[in-house]
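Residue-level structural notes
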Amino acid sequence: MVQDTFVMAIKKLAMFKGKSHPKTWLISIARNLVINRYRKNKVWDRIKHFLAPEKPASNQIEEQTLKNLANSQLYDAILKLAPPFKEVIILRGILEFSPKETSSILNCSPNKVNVMFHRSLKKLQVLLEKEGFTHERYSNYSG
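Our subject in this report is the structure included herewith. Small disclaimer: the values here were computed from a predicted structure and weren't measured.

1. A short note on the overall build of the chain
The number of helices and strands found in the chain is seven helices and zero strands. When its helices and strands are written in sequence order, the chain yields α-α-α-α-α-α-α. A buried classification covers 17% of the 143 residues belonging to the chain. When contacts within the chain are restricted to residue pairs at least 6 apart in sequence, long-range pairs at least 24 apart make up 50% of them.

What follows is the structure, given as C-alpha cells:
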C-alpha cells in the first residue's frame, strides 16, 4: 500500500498546488487508494459467482437443503408470533434495521424496540424448542 501511495503521488505531483501540507496530500492519496481498493473488492465479491460458478458437491447440496428446511421452520415459527413480536423480528432480525430505524417505523422509542426484540427472540426460542427445532446459530442464544 505504501508503494501504491508513493507511485500515485509521483504520478500526481504536477497536480499538487501547495494549498495544503504535503503530508495531508499524501494521506488523502492513501485514503482514496484504500477506498478504491475496497470498492473494487466489494464489486468483485458480488459478481465473481456469476463469472465462475462452483459446482456444488453432494454434501453441499445436502447442507443447503438442511439450511433451507431450517429457514422454513424458522419463518413458520416467526409467523406464529403475535403481530408486534413478528414485526420487530422481521425488521430487526431479518431486514437488519437499526433500533432507531425500527422505532420510526413502529412509532415507538428505540429502547422499546430493543426490549421488544429481546422478548421476541425469547418467545421465538421457546416456540422453536417446542417444535423440536435445533440450529447452532439459535440454540446457543441464552438471552
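2. Digging into the pattern of salt bridges
The full count for this structure, using the stated rule, is one salt bridge. The closest approach of N and O atoms between Lys80 and Glu131, which form a salt bridge, is 2.8 Å. You can see Lys80 sitting in helix 3 (residues 58–80) and its partner Glu131 sitting in the loop between helix 6 (110–130) and helix 7 (136–139), a full 51 residues away along the chain. The class for Lys80 is exposed, based on a relative accessible area of 55%.

3. So, unusual backbone geometry
At Glu96, a position not held by glycine, the phi torsion is positive, near 60°. Within the element layout of this structure, Glu96 appears in the loop between helix 4 (83–94) and helix 5 (99–106).

Criteria and thresholds
- Residues numbered from 1 in each chain as written.
- Predicted model: local features only at pLDDT ≥ 70, side-chain atom pairs only at ≥ 80, totals over all residues.
- Heavy atoms only, no water.
- Helix = DSSP H or I, 4+ residues; strand = E, 2+ residues; numbered from the N terminus.
- Buried < 20%, exposed > 50% of the residue type's maximum accessible area, 1.4 Å probe, protein only.
- Contact = heavy atoms within 4.5 Å.
- Salt bridge = Lys/Arg side-chain N within 4 Å of Asp/Glu carboxyl O.

Limitation: the analysis is restricted to geometry and does not speak to function.
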